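Breakdown of the fold
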Amino acid sequence: MSPTPIAIIVSIFLVLSIPLLLHLIIYRTSSSITLPTFLIIGPSGSGKTSLLTLFERGEHAETRTSQAPFTVETSLPISTSTASSKYRSPNDPSNQVHKKLLLADTPGHGKLRHHAFESIAKPQNLKGIIFAVDAADISPGTDSLRQAAEYLHDVLLLLQKRSTGSRSSMGPKELPVLVAANKLDLFTALPAPLVKTALEAEITSVRSSRNKGLLDSGVGMNDAGAGEEKEWLGNRGEGKFDFSQMEEVNVPVTVVGGNVLGGDGPDVKQWWDWIGRNL
Ligand code: GDP
C-alpha cells in the first residue's frame with residue numbers, strides 16, 4: 001500500500017482528466033439541443049421579414065418575399081429581462097450575458113402556410129408564436145381583416161388540438177401567442193386594443209361559418225365524444241369568441257402594438273419584453 005511514484009502520477013492524471021472529459025461530454029450534448037425558438041407567422045405584407053431582420057441585425061433592411069421558412073439566430077437585448085432572471089440581483093453578472101434564441105420566419109402566402117402549420121405541429125424547443133398583423137390594413141369589413149382572422153383562427157385551432165390531443169395528464173406545456181399589431185407609425189393604423197376587438201369579432205364570424213360548414217357536412221357539434229379532437233375553436237364554439245378562451249388550453253394570447261419602420265425609428269421594445277418573459 002506504500003505510495004509509488006507511478007501510482008501518484010496515475011492518480012494526478014485521473015483527477016485532472018476526469019472533470020475535463022466530463023465537461024467536454026456535457027458541453028457537446030447540451031450545445032446540440034436546439035436554442036429556444038419563436039415562430040413568426042402572419043399574412044403576407046404584415047412585416048414579418050422586416051421584423052426578423054430588425055431583430056437579427058438591429059436595423060431595417062430591404063426585405064425579400066418569403067417562399068420557404070427562414071431561421072436566424074439572434075440574442076435578446078441586454079436591457080430586456082427574462083423570466084429566469086426575475087429573482088436575480090440587477091448586479092448579477094449573468095444578466096450581462098446575451099441570451100441566444102432562434103427566430104423563424106414563415107411564408108404568409110395562403111398556399112405556403114403549410115410550412116407554418118408543420119413548424120407548429122413538430123415544435124423544436126418552440127417557446128412562442130408571434131402573429132404579425134398590419135394594423136393599418138385591418139379595418140372592420142375588409143378582406144384583409146378576414147384573411148388575417150382566418151389564418152389566426154386556423155393557428156389557434158391547431159394549438160387547441162395540440163393541447164386537447166395531448167396524451168399527458170398535465171397537457172402540453174404553455175405555448176403563448178403574441179399578436180404583434182405592426183405599422184403603428186402609420187396614422188391609419190388601429191391601436192392595439194381595437195386590433196384585438198376587430199380580430200376577436202372576425203374570428204367569431206369565421207368560427208360560425210366553419211361550424212356551419214361542419215354541420216352541413218354532417219358532423220354535429222355533439223358528435224365529438226370524449227377523447228376526440230374538437231373541430232371548433234373555443235369551449236363550445238358558440239357565442240362570442242375572445243382570446244381569453246384560449247387560456248383553458250394553455251395558449252395565452254396577448255395583443256401588443258409596435259412598428260418596425262417609421263419616421264421616429266422602430267418601436268419594438270414591448271415585443272422584445274414579451275419574448276424575454278417567455279424565454
Ligand atoms: P412580410 O410579407 O410579412 O414578410 O412583410 P415585409 O416584411 O416584406 O413587409 C411588407 C411591407 O411593409 C414592406 O414594404 C415593409 O417595408 C413595410 N413595413 C414593415 N413594417 C413596417 C412598419 O412598421 N411601418 C411601416 N410604415 N411599414 C412597414
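All residue numbers refer to position in the chain's written sequence, counted from 1. This being a predicted model, a pLDDT of at least 70 is required before a residue's local features are given, and a value of 80 or more before pairs of side-chain atoms are given or counted; all residues contribute to the totals for chains, interfaces and linings. Think of the side-chain values as coming from all heavy atoms in the structure, minus any hydrogens and water.

Two joining distances apply to patches: 9 Å for like charges and 5 Å for nonpolar side chains (Val, Leu, Ile, Met, Phe, Trp, Tyr), and every residue must have over 30% relative accessible area and no salt bridge. Reported accessibility uses the Shrake-Rupley method at a 1.4 Å probe radius. Residues are deemed covered only where the shown protein chains occlude them. Criterion for a salt bridge: a side-chain nitrogen of Lys or Arg within 4 Å of a carboxyl oxygen of Asp or Glu. Where nonpolar side chains cluster on the molecular surface, the patch consists of I6, V10, F13, L14, I18, L22 and I26 and spans about 710 Å² of accessible area. Numbering goes from the N terminus for both helices and strands, where a helix is a DSSP run of H or I of at least four residues and a strand is a run of E of at least two. Tracing the chain through its elements places L22 in helix α1 (residues 5-31). When accessible area is computed with a 1.4 Å probe and restricted to protein chains, residues below 20% of their type maximum are described as buried, those above 50% as exposed, and intermediate ones as partly exposed. Since its relative accessible area comes to 49%, L22 is described here as partly exposed.

Turning to the nonpolar core, a few remarks are in order. Judged by nonpolar contacts, the single largest core of 40 residues is most densely connected at I41, I129, L156, L159, V195, L199 and F243. Of all the secondary-structure elements, those providing two or more residues to this core are β1 (37-41), α3 (114-121), β4 (126-134), α4 (143-164), β5 (177-182), α5 (192-216) and β6 (253-257). For our purposes a nonpolar core is just a set of buried Ala, Val, Leu, Ile, Met, Phe, Trp, Tyr and Cys residues, chained together by side-chain atoms within 4.5 Å.

This brings us to the packing of aromatic side chains. Within 6.5 Å between ring centres, the rings of Phe, Tyr and Trp (the latter by its six-membered ring) count as paired, and their orientation is classed by plane angle as stacked under 30 degrees, edge-to-face over 60, tilted in between. For the structure shown, the criterion picks out 4 aromatic pairs. With 5.9 Å between their ring centres and 65° between their planes, F38 and W274 make a pair best called edge-to-face. With F38 in strand β1 and W274 in helix α6 (residues 269-278), this pair connects stretches of sequence that are 236 residues apart. Take F38: its relative accessible area is 0%, and that puts it in the buried class. Classification of W274 by relative accessible area gives buried; the value is 2%. Judged by centre distance (5.8 Å) and plane angle (90°), the ring pair of F241 and F243 falls under edge-to-face. Relative accessible area serves as the criterion here: at 0%, F241 is assigned to the buried category. Of the residues examined, F243 reaches a relative accessible area of 1% and is grouped as buried.

Right, let's talk about the site of the ligand for a bit. We call a residue near a molecule or strand whenever a single non-hydrogen atom of that residue lies within 4 Å of it. As a structural note, the neighbourhood of the ligand is formed by 16 residues, with G45, K48, T49, S50 and V260 the closest of them. A 3.5 Å cut-off defines polar contacts: any pair of N or O atoms within that distance qualifies, except that in protein one atom must be a possible hydrogen donor and the other a possible acceptor, and neighbouring residues in sequence count only when both atoms are side-chain atoms. Taking S46, its main chain carries an N or O atom lying 3.2 Å from an oxygen atom of the ligand. Between the ligand and K183 there is a distance of 3.0 Å, counted from an oxygen atom to a side-chain nitrogen or oxygen. Notes on the ligand: free accessible area 580 Å², of which the protein chains cover 77%. It is helix α2 (residues 48-57) that contributes the most residues to the shell around the ligand, 3 residues altogether.

With that out of the way, let us pick up the pattern of salt bridges. Throughout the structure, instances matching the rule amount to 6 salt bridges. Of the charged contacts in the structure, one is a salt bridge between K196 and E200, with a shortest N-O distance of 3.1 Å. Of this pair, K196 and E200 both sit in helix α5, 4 residues apart, which is roughly one turn of the helix. Accessibility expressed as a relative area gives 33% for K196, which makes it partly exposed.

On average, the chain scores 82 in pLDDT, and the residues at 70 or more come to 76%. Under a pLDDT of 50 for its full length, residues 223-228 has, in the predicted model, 4 contacts with residues more than four places off or in other chains. pLDDT is a residue-level measure of predictor confidence that goes from 0 to 100. In this description, contact between two residues means that some pair of their heavy atoms is separated by no more than 4.5 Å.

If you check the backbone angles, K183 has positive phi at about 70° while not being a glycine. By the element assignment, K183 lies in the loop between β5 and α5. Taking the relative accessible area as the measure of exposure, K183 reaches 23% and is therefore partly exposed.

We now examine the environment of S46. By secondary structure assignment, the location of S46 is in the loop between β1 and α2. Taking the C-alpha atoms as reference points, S46 and V133, separated by 87 residues in sequence, lie 4.9 Å from one another. From its side chain, S46 meets the backbone oxygen of P43 in a polar contact 2.7 Å long.

Another aspect to go through is the packing of α3 against α4. The geometry of α3 relative to α4 is characterised by a closest axis approach of 10 Å and an angle of 20° between their N-to-C directions. Here α3 is positioned roughly parallel relative to α4, judged by the angle of their axes. Taken as a pair, α3 and α4 cross one another with a handedness that is right-handed. Residues A116, F117 and I120 of α3 touch α4, and the partners they reach there are Y151, D154, V155, L158, L159 and R162. Under this scheme, a helix contributes an axis fitted over its contacting stretch, all axes are lines through C-alpha atoms, and angles between N-to-C directions fall in the 0 to 180 degree range. In these notes the angle categories are as follows: under 35 degrees is roughly parallel, over 145 is roughly antiparallel, 65 to 115 is roughly perpendicular, and the rest is oblique. The handedness criterion is simple: a crossing whose near helix is rotated anticlockwise from the far helix by less than a right angle is left-handed, and one whose near helix is rotated clockwise is right-handed.

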